[in-house]
Amino acid sequence: MNATPARIDRRTVLKWLVTATVALPLLDRASFGADAGGRRAKGYGPDPDVLRTYRPGELWPLTFTDAQRRTAVALCDTIIPADAESPSASSVGVVDFIDEWISAPYEPQGENFSYQLDRAVILEGFEWLDGEGTKRFGKTFADLDEVQRSTICDDICYVKTARTGFEQPATFFALYRDLTAGGFYTTPEGTKDLKYVGNIPMASFDGPPLEVLKHVGLA
Amino acid sequence: MPLVSPTTLKDSYDVIVVGSGAGGGQAAYTLTLEGAKVLMLEAGVNYDPVTQTPMFQTPHQAPLRGSDTPEMQGGFFDATRGGGWKIKDEPYTTVSDKDGENFEWWRSRMLGGRTNHWGRYSFRNGPYDFKPYTRDGLGFDWPISYSDLAPYYDKVEMLIGVYGTNEGLENTPDSSPDCLLPPPKPRVSDLLIQKAAKAFGIPVVAGHRAVLTQRLDFANLPARLHPGNAFAQRIVREAMEARAACFWATDCGRGCSIKANYQSTTVHLPPALASGNLDILPNAMAREITLGRDGTANGVSFVDKTTGQDRQIKARVVVVAASAMESVRLLLNSRSGQFPQGLGNSSGLLGKYIMDTVGSGVRAQIPRLENVPPHNEDGASGGHMYAPWWLYKEQLAGKLGFARGYHIEFGGGRRMPELYSMAAKEWLTGGSYGKKFKEDARRYYGSFVGFNGRGEMIPNEGSYCELDPVVKDKWGIPALRFHWKFSEHETRQAAHMQKTFGEIVSAMGGRLRHPVKADGADAIQNGGSVIHEVGGAIMGADPAKSVTNKWSQTHDVKNVFLTDGAPFASNADKNPTLTIMALSWRAADRIASEMKKGNL
């Protein structure tokens, strides 16, 4: 056990959040996670049916506004566009997954279960993208063309090399790329793109084929 | 499974077993097949892996791509229910939250306990591991030797099914003939690691894990396990026939609906239930072991979590296997005029000398594993190979600066893509996005390896648990408070792990995700985080210096036995579960024979 999954530096996010949440009421309890009947959304409970298939929005309501969703689509497809091998992230439901993530009704505990913290980072990040698009090109991020989007993303695509003063948007971008990639590569299309060929029952396990051993210099 | 409800419970049993994991499952198995009437109390929910295991499900089918939540803390597909690092209504406390002094406690609240999700690594303690004080003057000797437990290791391996090989290595015992199943073939990353490690004299051999690489020999094993007991042989044969061999897919940590790996719920409990001698009561949180006028235990009182009502059931013998720390807690809370400091605590050592496994790891990327031709590497899910401790002689000669060893578990390969498979790769990609990111993902997927050191911690005075003076659980049962300290034997060992892994990665031409940590205090994982916590009721020959005797029986109360990790007098680098089961089988044999003689 105790395999902690690799993820972005949560401490960095938390540090930033201290300022972000003071500045913006993004964790607004009144509107957050409420369903049509006005009741608070709930999780799946302590003993869920793990055999059935779940879809985003089924267990708790999705909460992106239309404007946020447009930005989410634009950024997902900037990170994972369609190419010869596989479709774009948004076309296989990744935006719904990210919406499910930021709408999850779980309270953070320390660095765990960061859904609501991520919500603040992402919605703040969307606002920053739109502000930056407006400042540079007079348009929100979703209305920019591919080249225009890149000029912004190039400044924030790596925390270590981000433009001075862009560290917080770079942290947001790292989180959003992780979620986009995680959402995408777990779909059937993304899994196929990586040429993962397991998860099927086999009569025997034969180890690496000769061509694999040759590839790594062991045969 | 045929569970009983609180209203249909009998008033008394031969034996009450508290806990349903490796120790409780094994005790119930052995006792019921010997004819004893047993009640098993489980503090968590009922659980049946045959119908509740997500075989082949992908993260895409799960909420949040399977990510962990307070309700499923091991992730949506992990075979943990109602458990995790924090359990609602069931707090524990620590005196320090500083790294190195904190204690992290993973608990489970389900039938089968933590056997449902564990790594299935199954190693025997060696001869040195039972006499560590004699060997180097530190810690405590056990009151038993390897030869006392060897027959039980054989039996457990035959029953649960363990793959591995006999290598004749120092303090790494061989099994008797036909005990082990053939190991799975190495993955390509195993072979690269083996080659690199060889240059440093580190042996990389077949791992030992409780996974059926072929079906059990159900025609012959039952007679070897239960000679002269036709009843047990028939039942065990049927149970073995119901287990399929691994079909090389689905993470073992989810559990296994085809019963190809060991979990108490697929291996120990089905034959115990088939005997007709076992009742299982879930949602039953033991409150205390009750004493009779003669000073022996006469039963267990527990809370029915579904109603909040208390109830007491009588028994001739009480077997406590609630997980080491939870068992200690139950004994500490069983206070009486005779035992004001807790049952079995006349030595004052109950809760003392708790140990975890020393853990430290690295992750690396191996360029030679980039763009490997696609092939199926799921295998037996966990490690196919491992490196046993190899520096016994140098260590004994005092050349290492720390007294006990560690083994290395490692893994890599083209596993099923998960939420974080392509996360945090900027250190390789430079922050790529767009089509370049997709190319990077194809290039780097499957090229990662991870190394985990698993080392022996020496018991010390600063690592113990006691009842918190204030904090109680939902039912008013006092909670545990933990104290934790590592000595330089552990922190130096952790630094040695880091240095070793760095050298292996370098020899593989790999790149470390983070630089190796030269400071062992920085490299070592928190106590409890490896989830190998044992001790607290250590066994010994002297009642003034130990809580239990060589039969895992409390010195103070002859009809109370602890069959989980609590009696461990040391915590060898070998993962504890196999030893828990061997000790439990041995204790249960003793209980059965003493009951037949009228001594219990």
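Everything that follows concerns the structure shown earlier in this document.
Residues numbered from 1 in each chain as written. Chains lettered and ligands numbered in written order. Predicted model: local features only at pLDDT ≥ 70, side-chain atom pairs only at ≥ 80, totals over all residues. Heavy atoms only, no water.

## Looking at the overall build of chain A
Part 1 of the argument: Assigned secondary structure in chain A consists of eight helices and zero strands.
Part 2 of the argument: Each helix (α) and strand (β) of chain A, taken in turn from the N terminus, gives the series α-α-α-α-α-α-α-α.
Part 3 of the argument: In chain A, of all internal contacts separated by at least 6 residues, the share reaching a separation of at least 24 is 61%. (Helix = DSSP H or I, 4+ residues; strand = E, 2+ residues; numbered from the N terminus. Contact = heavy atoms within 4.5 Å.)

## Focus: the interface of chain A and chain B
Part 1 of the argument: Taken residue by residue, the interface counts 81 residues in chain A and 83 residues in chain B.
Part 2 of the argument: Taken over both partners, the interface formed by chain A and chain B buries close to 7000 Å², and the fraction arising from carbon and sulfur atoms is 62%.
Part 3 of the argument: For the interface between chain A and chain B, the tally reads five salt bridges.
Part 4 of the argument: Residue Asp83(A) is joined to Arg442(B) by a salt bridge in which the shortest nitrogen-to-oxygen separation is 2.8 Å. (Buried area = accessible area lost by both parts, 1.4 Å probe. Salt bridge = Lys/Arg side-chain N within 4 Å of Asp/Glu carboxyl O.)

## Quick look at the sheet that holds strand β14 (residues 406-412) of chain B
Residue and element names in this part refer to chain B.
Part 1 of the argument: As summarised here, the arrangement of the six strands in space is β6-β13-β14-β15-β12-β18, forming an open sheet in which the pairing is antiparallel. Each having just a single partner strand, β6 (205-206) and β18 (511-512) make up the two edges of the open sheet.
Part 2 of the argument: Sheet contacts for helix α15 (residues 488-507): β12 (358-365), β14, β15 (448-455) and β18; angle to β12, the most-contacted strand, approximately 20°. (Pairing = 2+ DSSP bridges. Axes fitted to C-alpha atoms, helices over the stretch in contact; angles between N-to-C directions.)

## Concerning the pairing of β14(B)
Residues and elements named next belong to chain B.
Part 1 of the argument: Taken across its seven residues, β14 has six buried, putting it largely inside the fold.
Part 2 of the argument: As judged from the two bridges shared by strand β13 (residues 385-387) and β14, these two strands associate in the antiparallel manner. Considered in β14, the bridge of Tyr386 is made with Glu409.
Part 3 of the argument: Bridging between β14 and β15 involves seven bridges; their strand directions are antiparallel. Across the sheet, the residue bridging to Ile408 is Gly453, located in β15. (Buried < 20%, exposed > 50% of the residue type's maximum accessible area, 1.4 Å probe, protein only.)

## Remarks on unusual backbone geometry
Part 1 of the argument: Even without a glycine there, the phi angle at Phe113(A) is positive, about 55°.
Part 2 of the argument: Relative to the assigned elements, Phe113(A) resides in the loop between α3 (94-102) and α4 (115-137).
Part 3 of the argument: A positive phi angle, near 55°, is found at Leu64(B), a position not held by glycine.
Part 4 of the argument: Structurally, the position occupied by Leu64(B) is in the loop between α2 (49-52) and β3 (93-94).

## Here we look at the packing of aromatic side chains
Part 1 of the argument: In this structure the tally under the stated criterion is 39 aromatic pairs over all chains.
Part 2 of the argument: Here Phe126(A) and Phe172(A) contribute two aromatic rings whose centre-to-centre distance is 6.1 Å and whose plane-to-plane angle is 90°, an arrangement assigned as edge-to-face. Taken together, the residues Phe126(A) in helix α4 and Phe172(A) in helix α6 (residues 167-185) connect sequence positions 46 residues apart. Just as Phe126(A) is buried, Phe172(A) falls in that class too.
Part 3 of the argument: Taken together through their ring pairs, the aromatic side chains of Tyr44(A), Tyr54(A), Trp60(A), Phe97(A), Trp101(A), Tyr106(A), Tyr115(A), Phe76(B) and Phe77(B) make up a single cluster.
Part 4 of the argument: In this structure, Arg135(B) packs its charged tip against the face of Tyr128(B), placed 3.8 Å from the ring centre. (Phe/Tyr/Trp six-rings, centres within 6.5 Å; stacked < 30°, edge-to-face > 60°. Lys NZ or Arg CZ within 6 Å of the ring centre and 35° of its normal.)

## Here's the deal with the pairing of strand β10 (residues 309-320) of chain B
All names here are of chain B.
Part 1 of the argument: Strand direction decides the pairing type here: strand β1 (residues 12-18) and β10, joined by six bridges, are parallel. Bridge pairing links Tyr13 to Ala315 in β10.
Part 2 of the argument: Pairing of strand β9 (residues 297-304) with β10, which is carried by six bridges, proceeds in the antiparallel orientation. Residue pairing across strands places Asp304 opposite Gln309, the latter belonging to β10.
Part 3 of the argument: A loop of four residues connects β9 with β10, the two strands running antiparallel in sequence, and Gly308 in this loop sits at a positive phi of about 80°.
Part 4 of the argument: One ladder, built from three bridges, connects β10 with strand β20 (residues 560-562); its direction is parallel. Within the sheet, the bridge partner assigned to Val319 lies in β20 and is Phe561.

## Considerations on empty space enclosed by the protein
Residue and element names in this part refer to chain B.
Part 1 of the argument: Counted by the stated rule, this structure contains six cavities of 30 Å³ or more.
Part 2 of the argument: Its boundaries defined by the atoms lining it, the largest cavity holds a volume of some 120 Å³.
Part 3 of the argument: Lining the largest cavity we find 18 residues, and of these Phe123, Thr172, Pro173, His208 and Tyr386 sit closest to its centre.
Part 4 of the argument: Class assignment for the residues of the lining of the largest cavity results in seven nonpolar, six polar and five charged. (1 Å grid on protein atoms, 1.4 Å probe; cavity = no way out; pocket = protein on both sides within 12 Å on 5 of 7 lines; lining within 4 Å. Points joined across faces, edges and corners; volume = space filled by probe spheres on them. Nonpolar A, V, L, I, M, F, W, Y, C, P; charged D, E, K, R; others polar.)

## Remarks on the side chain of Ser327(B)
All names here are of chain B.
Part 1 of the argument: Here Ser327 lies in helix α11 (residues 324-332).
Part 2 of the argument: Of the polar contacts made by the side chain of Ser327, one reaches the side chain of Asp564; its length is 2.5 Å.
Part 3 of the argument: Leaving out residues up to four positions away in the same chain, Ser327 has contacts with Val320, Ala321, Ala322, Leu562 and Asp564. (Polar contact = N/O pair within 3.5 Å; in protein donor to acceptor, adjacent residues only side chain to side chain.)

## Thoughts on the packing of helix α5 (residues 146-160) of chain B against helix α17 (residues 577-596) of chain B
Think of two packed helices as two axes; the pair is described by the angle between the axes and how far apart they sit.
All names here are of chain B.
Part 1 of the argument: In the contact formed by α5 and α17, the axes pass within 8 Å of each other and the chain directions differ by 110°. One element, α5, and the other, α17, form an angle in the roughly perpendicular class. Taking contact as the criterion, the partners of Asp148, Leu149, Tyr152, Tyr153, Lys155, Val156, Glu157, Leu159 and Ile160 in α5 are, on α17, Leu578, Thr579, Met581, Ala582, Leu583, Trp585, Arg586 and Asp589.
Part 2 of the argument: Looking at the contact of α5 with α17, its residues break down into eleven nonpolar, one polar and five charged. (Parallel < 35°, antiparallel > 145°, perpendicular 65-115°, else oblique.)

## Considerations on a negative patch on the surface
Residue and element names in this part refer to chain B.
Part 1 of the argument: Where like charges cluster on the molecular surface, the negative patch consists of Asp97, Asp99, Asp519 and Asp522.
Part 2 of the argument: Position of Asp99 relative to the elements: it lies in the loop between β3 and α3 (127-130).
Part 3 of the argument: A relative accessible area of 65% places Asp99 in the exposed class. (Patch = residues over 30% accessible without salt bridge, like charges linked within 9 Å, V, L, I, M, F, W, Y side chains within 5 Å. Areas by Shrake-Rupley, 256 points an atom, 1.4 Å probe, with all protein chains shown as cover. Lys, Arg positive; Asp, Glu negative; His and termini not counted. Charge placed at Lys NZ, Arg CZ, Asp CG, Glu CD.)

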